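Letter by letter, the chains look like this.
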Amino acid sequence: ELTMSPVRLEKQDSLAWLYLQRPEAYNAFAQKMAGELLEYLFQLRQDESVKVVAITREGSVFLAGGDLKWVSSHPSTAFHEWATRVHLCITEIRHFPKPILAVINGTAAGGGFSPTLACDFRLMAETARLKQAFTSQGLCLDGGGTWFLPRLVGLGCTLEITALDEWILAEQALNCRSGNRVVSPKQLITEILGWASRLADRSSHAFATVKQLLNESWNNPLETQLEQEHQGLVRTIKLSDGQEGLSAFLEKRPPRFA
């Protein structure tokens, strides 16, 4: 039984922190946690004061897999119900129009592995580690892992990760591009705030448009992608950010986006 709300929201200027907090269950990704995370993402999507979202943890584990105790008590429906709720979270993270940072300051394994890949950036403490874990249990990788991994690290590394299922340490994640930055645990907050500040100063319209185009690019032939880029450019150049960007370029000054 949960002793507290499994997700906590805190705001720090234009940065929203989403803390995953089921330390008594090693942050197992249960139904209620997935539901609350999804609700907060819907809320933050509409909150114009929030420019960047950071997902992090309470306790020693960033995000463990599915709640196996709950799964074992609902054997006929558990995986279907769990996957449905978690996959809604994955889809919302991937289509969320603002930058989402996964602040990995612990272990992300099993059903907690793929959600980190869905985020836009992964900033890791040196002590962090990742593991997909599914194939070691004779199961198929879930949570979008088969979609995100080959796009982040390539097919060869993806097959190695899925076939051998060895722990991926922070430096290894950085080397294979499944991580963006690795710093000491003491430096992690400073690194996050630096990223959040830089991202918040940039155009939110441009980021949302480019993220959407990148999501669609894998299924589009070149001609379709060029046309969608054309439409995106025409759309963004008419917005206030685009107008400010053009003015700043002509006036040889840094842009000041609203």
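Residues numbered from 1 in each chain as written. Predicted model: local features only at pLDDT ≥ 70, side-chain atom pairs only at ≥ 80, totals over all residues. Heavy atoms only, no water.

**Student:** Could you clarify how one ought to interpret the overall build of the protein chain in this entry?
**Tutor:** Scanning the protein chain from N- to C-terminus turns up 11 helices and 10 strands. Taking 18 Å as the expected radius of gyration for a compact globule of 258 residues, we find that the protein chain reaches 19 Å, a close match to that expectation. Seen through its C-alpha atoms, the protein chain measures out along the principal axes to roughly 60 × 40 × 35 Å. Within the protein chain, the proportion of its 258 residues that are buried is 46%. (Helix = DSSP H or I, 4+ residues; strand = E, 2+ residues; numbered from the N terminus. Rg over C-alpha atoms; globule rule 2.2 N^0.38 Å. Buried < 20%, exposed > 50% of the residue type's maximum accessible area, 1.4 Å probe, protein only.)

**Student:** I would appreciate a short explanation of helix H1 (residues 31-46) in the present structure.
**Tutor:** Residues separated by three or four positions in an α-helix point in the same direction, a consequence of the helix having 3.6 residues per turn. Look at H1: 23 Å from first C-alpha to last across 16 residues, which is about the 22 Å you get at 1.5 Å a residue. Among the residues making up H1, those that are buried are Gln-31, Met-33, Ala-34, Gly-35, Glu-36, Leu-37, Leu-38, Leu-41 and Leu-44. (Expected span 1.5 Å × (residues − 1).)

**Student:** Can you walk me through the side chain of Arg-122 in this structure?
**Tutor:** Along the polypeptide, Arg-122 turns up in strand E7 (residues 121-125). A polar contact is formed between the side chain of Arg-122 and the backbone oxygen of Leu-117, at a distance of 3.3 Å. The residues touching Arg-122, leaving out its near neighbours within four places in the chain, are Ala-102, Ile-104, Thr-116, Leu-117, Leu-152, Ser-178, Gly-179, Asn-180 and Arg-181. (Polar contact = N/O pair within 3.5 Å; in protein donor to acceptor, adjacent residues only side chain to side chain. Contact = heavy atoms within 4.5 Å.)

**Student:** Help me understand empty space enclosed by the protein in this model?
**Tutor:** Empty space left among the atoms is revealed by rolling a probe the size of a water molecule over them. For the structure on display, the rule yields 1 cavity of 30 Å³ or more. Taken as a whole, the largest cavity holds about 60 Å³ of empty space. Looking at the largest cavity, the residues that line it are Leu-20, Phe-29, Leu-37, Ile-55, Phe-62, Leu-63, Ile-93, Ala-102, Pro-115, Thr-116 and Cys-119. Looking at the lining of the largest cavity, the elements that each hand over two or more residues are strand E4 (61-63) and helix H4 (113-118). (1 Å grid on protein atoms, 1.4 Å probe; cavity = no way out; pocket = protein on both sides within 12 Å on 5 of 7 lines; lining within 4 Å. Points joined across faces, edges and corners; volume = space filled by probe spheres on them.)

**Student:** Help me out: how do you make sense of the pattern of salt bridges in this one?
**Tutor:** Pairing is possible between side chains of opposite charge, provided their charged atoms come close. Applying the stated rule across the entire model yields 9 salt bridges. The closest approach of N and O atoms between Glu-244 and Arg-253, which form a salt bridge, is 2.7 Å. Using a relative accessible area of 16% as the deciding quantity, one classes Glu-244 as buried. Note that Arg-253 is salt-bridged to Glu-251, the shortest N-O span being 2.6 Å. Counted as one network, the salt bridges with shared partners bring together Arg-94, Asp-120 and Lys-211. (Salt bridge = Lys/Arg side-chain N within 4 Å of Asp/Glu carboxyl O.)

**Student:** Explanation requested: the nonpolar core in the structure shown.
**Tutor:** Among soluble globular proteins, nonpolar side chains are generally buried collectively. Among the nonpolar cores identified, the biggest contains 45 residues, and Val-53 and Ile-55 are the most heavily contacted of them. The contacts of Val-53, once residues within four sequence positions are left out, are Leu-15, Ala-16, Leu-18, Leu-44, Phe-96, Pro-99, Ile-100 and Leu-101. In terms of nonpolar packing, the next biggest core, distinct from the first, is built from 16 residues, Trp-17, Leu-123, Ala-125 and Trp-195 among them. (Core = buried A, V, L, I, M, F, W, Y, C linked by side-chain atoms within 4.5 Å.)

**Student:** What am I meant to see in the packing of helix H5 (residues 145-153) against helix H6 (residues 155-164) here?
**Tutor:** In helix packing, the relevant descriptors are the interaxial angle and the interaxial distance, both defined with respect to the helix axes. Direction vectors running N to C along H5 and H6 enclose 130 degrees, while the axes themselves pass 7 Å from each other. In terms of orientation, H5 and H6 fall into the oblique class. Of the two possible hands of crossing, H5 and H6 adopt the one that is right-handed. Touching Leu-149, Pro-150 and Val-153 of H5 are Leu-155, Cys-157, Thr-158 and Ile-161, all from H6. Along the lines of polarity and charge, the residues of the contact of H5 with H6 split into 6 nonpolar, 1 polar and no charged. (Axes fitted to C-alpha atoms, helices over the stretch in contact; angles between N-to-C directions. Parallel < 35°, antiparallel > 145°, perpendicular 65-115°, else oblique. Left-handed = near helix turned anticlockwise from the far one by under 90°. Nonpolar A, V, L, I, M, F, W, Y, C, P; charged D, E, K, R; others polar.)

**Student:** So what exactly am I meant to see when it comes to the side chain of Ser-203 here?
**Tutor:** Summarising the element assignment, Ser-203 is placed in the loop between helix H8 (188-200) and helix H9 (204-217). By relative accessible area, Ser-203 is classed as buried at 12%. Within the structure, the side chain of Ser-203 is placed 3.4 Å from the backbone nitrogen of His-205, a separation counted as a polar contact. With sequence-adjacent residues up to four places away left out, Ser-203 is seen in contact with Asp-241 and Phe-257.

**Student:** Before we go on, may I ask you to explain H8 in this structure?
**Tutor:** In this model, H8 (13 residues) spans 18 Å end to end at C-alpha, consistent with the 18 Å of a helix rising 1.5 Å per residue. All of the buried residues in H8 are Leu-188, Ile-192, Trp-195, Ala-196 and Leu-199. Down the axis of H8, the buried side of the element spans an arc of 100 degrees, and every buried residue falls inside it. The secondary structure elements touched by the buried residues of H8 are strand E2 (15-20), strand E3 (52-57), strand E5 (100-104), E7 and strand E10 (181-183). (Arc of directions from axis to C-beta.)

**Student:** Mind showing me how you'd approach the sheet that holds strand E1 (residues 7-12) here?
**Tutor:** Working definition: the strands of a sheet are paired by backbone hydrogen bonds and lie parallel or antiparallel to each other. Spatially, 6 strands are ordered E1-E2-E3-E5-E7-E10 in an open sheet, and the strand pairing comes out mixed. Here the strands that pair on one side only, and so sit at the sheet edges, are E1 and E10. The mean inter-strand angle of the sheet, taken between neighbouring strand axes irrespective of direction, is 20 degrees. Most of the contacts of H1 go to E1, to which it runs at about 25 degrees, and overall it touches E1, E2, E3 and E5. (Pairing = 2+ DSSP bridges.)

Any functional reading would require information that these geometric values do not contain.
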